[in-house]
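# Coordinate analysis (summary)
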Amino acid sequence: MAAPNGTRGDAPDLLTAGMFIGLGALGLYMARGLDGGTLAQMGPGFLPRTVCILLILIGLAVGLPALTRPAQAIEAIRIRPLAVITISIVGFAFAATYLGFVLASLWLVIVGSLADPGGKWSHILLLAAGLTLFGALVFVYGLGVQVPLWPV
Amino acid sequence: MNFVDLLMLGFSEAITPANLAFCLLGALLGTLIGVLPGIGPTATIAVLLPITFFLPPLAGIIMLAGIYYGAQYGGSTTAVLVNLPGEASAVVTTLDGYQMARQGRAGAALAVAALGSFFAGTVATFAIAVAGPMLSGFALSFGPAEYVALMVFGLLAATILASGPVLKAIGMILIGLLLGMVGTDQATGAERLTFGAVELFDGVDFIVIAIGIFGFAEIITNLERSGSEGVQLAPLSRLWPTRDDFRRSWAAVLRGTGLGTLLGLLPGGGATLASFSAYSLEKKVSKHPEKFGTGVVEGVAAPEAANNAAAQSSFIPLLTLGIPSNNMMAMMLSAFMIHGITPGPTVLTNQPEIFWGLVASMWIGNLLLVVINLPMIGLWVKLLTVPYRLLYPAILLFCCIGVYSMNNRVFDVILAAGFGLLGYAFRKARCEPGPLLLGFVLGPLLESNLRRTLLITQGDPSIFVERPISLVMLLATVVLLALMILPSFRRTREEAFQEEEA
């Protein structure tokens, strides 16, 4: 390795390796109490453990060569869509149960729209009203999804 | 019943008003999402899966199938007119299609694409009708050992034929297998990998994973790259191709159809692989390969025929063996499962109306698509001007309702949001999430068959090499793995997918 350490490392591959090894280790930890059994009488822990070990090995096979490859950065992460979309979904889940479909849907569309900075308020509100009406008619009345329309 | 009777049975099922309506709806939706970049058939089907629960089994499956092959038609429209592939399988169509459009021959390109697709769809439908009963008769002789070998072969072959690094794809399959094990173990009743959460005792729902990884994560990544507006539309011209176009494209359509039908059968094969391969085949057999990329009609006809043929023939392994060959088929498998139907050889004998109804509906759907696409093309193109900021809230809402409606649980929606974050991380790590779904649906099947095999032989694994079918399958797997280690094969494989990256 001639080049200094700073210019080496394929970041997306290293991230992959990290996730593979991490998930494999998590799986092994959670399967620690499960009985492995024998080949003829496989226990619940046999296949999970095998898969986790394979996953860790694959993680190493992806990660180790990536350490010495020329540096490559991960695409920039933009926090706004990531955070806004996640918050809007989680909010919808609670709102649908406790506040009814109408409020949940309005919340989801209005908050979700904030993920894109270019929107106009008039458009967003119109879209929210239209989609909520559509959703209520098609899903709640039409398909019979079991969700209250209004707060109970 | 003979072949004609069965086909008649299929048509009588497919042309009931309700089934015809869902076929049309699927074809329309497929065209719509094919035209719109940023929404793929995988995400759409994930969103609509929970809704099919409310429909009769055949209607739901007809609609979902229509979305898949409809997207192949729609994807080519934007590829030709705005140089923007609506679907991955239409990427190669942009090469010559857009050049034709710039020379004022957009209409001819679109007509050749649609007619070629229709021809290919007809042939592939016929292939399903012929191959289905034959293969499923063969599959009835499969024991658990053969199924294990078939699944191992299918999973590994899927990683090699799909684009992207093989190791990452294998890792994604393993994660899928692991997710499939969450919940109560079928054989022993032990609770596995659940973090002690009661909600997970029944396992993770396919829909939660599919919507999280393909629905939510796709919205987030699409929003990161905003600024895709302002498309340059090529002018639409005379729609009917010239006699010269027909003369030059019929052979290309035939070759594309044949290649596409074959590649669709392979695990991991499907529309994208087929269109790339068909384009390079045309280039090889052409007398003047240097003209490709400058707007030659063969360069549109062959890949368009191939992607449509492959989209349809990839149903064959699912319908006859019960083994999905790519992530779209994994979705279709779970659509069957929602209704308690396990696709495979027994469906053909016990519920022939499902298999033949679907086959007949595919042909009808292809006919509808030609009508939907050619005269109405102007309408679809207008849709391109709808900005994503008005589209994604609707997709978001459908995703959320879909996940919520399964069990009316807050937990499912939050879990799906979590999978959205995971899917986002996978995209940042440049991991293609498709194989994960394949692993997830095949995991439980693989485990129960493996257990059964080894229980029968009392723990002796040599059965896998003693049974001839299983031996052939495992040898094929070994050969594929060996090929991957050979540098020359690796290079060819990378070249084959190179154009996709660009």
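An unreviewed UniProt entry annotates chain B as Putative tricarboxylic transport membrane protein originating from Paracoccus halophilus.

For chain A, an unreviewed UniProt entry supplies the name Tripartite tricarboxylate transporter TctB and the organism Paracoccus halophilus.

Once that is clear, we can look at the overall build of chain B. Helix and strand content of chain B: 23 helices and two strands. The C-alpha radius of gyration of chain B comes to 22 Å, within 12% of the 23 Å expected for a compact globule of 502 residues. Residues classed as buried in chain B amount to 59% of the 502 residues present.

For chain A, the helix and strand inventory stands at five helices and zero strands. Ordered by position from N to C terminus, the α and β elements of chain A give α-α-α-α-α. On C-alpha atoms alone, chain A measures out to a radius of gyration of 24 Å, which is more than a quarter above the 15 Å that the 2.2 N^0.38 rule sets for 152 residues. By its C-alpha atoms, chain A is 60 × 50 × 20 Å across when sized along the principal axes. By residue count, 37% of the 152 residues in chain A fall in the buried class. Considering only contacts in chain A between residues 6 or more positions apart, those separated by 24 or more positions represent 65%.

It is worth spelling out the UniProt feature "transmembrane region" (unreviewed entry) in chain A at this point. All names here are of chain A. Here the UniProt-annotated "transmembrane region" (unreviewed entry) positions come out as residues 14-34, 46-67, 79-112 and 124-144. Secondary structure across residues 79-112 divides into 94% helix and 0% strand, with the first and last C-alpha atoms of the span separated by 14 Å. The straight-line gap between the two end C-alpha atoms of residues 124-144 is 27 Å; of that span, 90% is helix and 0% is strand.

Bringing the interface of chain B and chain A into the picture now. On the chain A side, the residues contacting the 52 residues of chain B number 59 residues. Broken down by secondary-structure element, the contributors of at least two residues to the side of chain B that touches chain A are α8 (166-181), α9 (206-224), α18 (388-407), α19 (410-428) and α20 (434-456) of chain B. In terms of residue count, the dominant contributor to the side of chain B that touches chain A is α18(B) (10 residues). The class makeup of the residues in the side of chain B that touches chain A is 35 nonpolar, eight polar and nine charged.

This part takes up the confidence of the model for chain A. Per-residue pLDDT for chain A averages 87, and the proportion of residues at 70 or more is 95%. Counting contacts from residues 1-5 of chain A, a segment whose pLDDT is below 50, to residues more than four positions away or on other chains yields two contacts.

Moving on, we get to α19(B). Compared with the 27 Å implied by 1.5 Å per residue over 19 residues, the 28 Å span of α19(B) between its first and last C-alpha is a close match. Listing the buried residues of α19(B) in full gives Asp412(B), Val413(B), Leu415(B), Ala416(B), Ala417(B), Phe419(B), Gly420(B), Leu422(B), Gly423(B), Tyr424(B) and Phe426(B). Packing partners of the buried residues in α19(B) comprise α3 (79-98) of chain A together with α9 and α18 of chain B. Trailing α19(B) by a residue or two, Arg430(B) shows a phi angle of about 55°, which is positive.

This brings us to the packing of helix α1 (residues 3-14) of chain B against helix α16 (residues 352-373) of chain B. Any two packed helices are characterised by how steeply their axes cross, that is the angle between the axes, and by the distance between the axes. Residues and elements named next belong to chain B. Interaxial distance between α1 and α16 falls to 7 Å at its minimum, and their mutual angle equals 70°. As judged from the angle between their axes, α1 and α16 are roughly perpendicular. Contacts between α1 and α16 pair Leu-6, Leu-7, Leu-9, Gly-10, Phe-11, Glu-13 and Ala-14 from the former with Pro-352, Glu-353, Trp-356, Gly-357, Val-359, Ala-360, Ser-361 and Ile-364 from the latter. Considered class by class, the residues forming the contact of α1 with α16 number 10 nonpolar, three polar and two charged.

Grouped together as the largest cluster of nonpolar side chains are 219 residues, with contacts concentrated most on Ala210(B), Ile211(B) and Cys400(B). If you tally residues by element for this core, the top one is helix α6 (residues 106-139) of chain B, at 17 residues. Lining this core are residues from two domains, each supplying at least three of them: domain 1 (11-67) and domain 2 (79-143) of chain A. Excluding residues that lie within four positions of it along the chain, Cys400(B) makes contacts with Ile89(A), Phe92(A), Leu108(A) and Val413(B).

Residues and elements named next belong to chain B. Phi at Arg-430 is positive, roughly 55°, even though this residue is not glycine. Unlike most non-glycine residues, Gln-458 shows phi in positive territory, near 55°. In this structure, Gln-458 sits in the loop between α20 and α21 (463-466). The class of Gln-458 is exposed, set by 10 C-beta atoms lying within 10 Å.

Turning our attention to the packing of α3(A) against helix α4 (residues 101-113) of chain A. Residue and element names in this part refer to chain A. Put simply, α3 and α4 touch, their axes get as near as 8 Å, and they point 175° apart. Considering the angle they form, α3 stands roughly antiparallel to α4. Seen from α3, the contacting residues are Val-84, Ile-85, Ile-87, Ser-88, Gly-91, Phe-92, Ala-95 and Ala-96; seen from α4, they are Phe-101, Leu-103, Ala-104, Trp-107, Leu-108, Val-111 and Gly-112. Split into classes, the residues belonging to the contact of α3 with α4 amount to 12 nonpolar, three polar and no charged.

With that out of the way, let us pick up the environment of Ala127(B). All names here are of chain B. Note on placement: Ala-127 falls in helix α6. The spatial distance from the C-alpha of Ala-127 to the C-alpha of Phe-464 is 31 Å, given a sequence separation of 337 residues. When near neighbours in sequence (up to four residues on either side) are disregarded, Ala-127 contacts Thr-261 and Ser-313.

What counts, and at which threshold
Residues numbered from 1 in each chain as written. Chains lettered and ligands numbered in written order. Predicted model: local features only at pLDDT ≥ 70, side-chain atom pairs only at ≥ 80, totals over all residues. Helix = DSSP H or I, 4+ residues; strand = E, 2+ residues; numbered from the N terminus. Rg over C-alpha atoms; globule rule 2.2 N^0.38 Å. Buried ≥ 20, exposed ≤ 12 C-beta atoms within 10 Å, placed from the backbone. Contact = placed C-beta atoms within 7 Å. UniProt positions renumbered as here; feature names shortened; annotations may be inferred. Nonpolar A, V, L, I, M, F, W, Y, C, P; charged D, E, K, R; others polar. pLDDT = per-residue confidence, 0-100. Expected span 1.5 Å × (residues − 1). Axes fitted to C-alpha atoms, helices over the stretch in contact; angles between N-to-C directions. Parallel < 35°, antiparallel > 145°, perpendicular 65-115°, else oblique. Core = buried A, V, L, I, M, F, W, Y, C linked by C-beta atoms within 7 Å. Domains from an automatic or database assignment.

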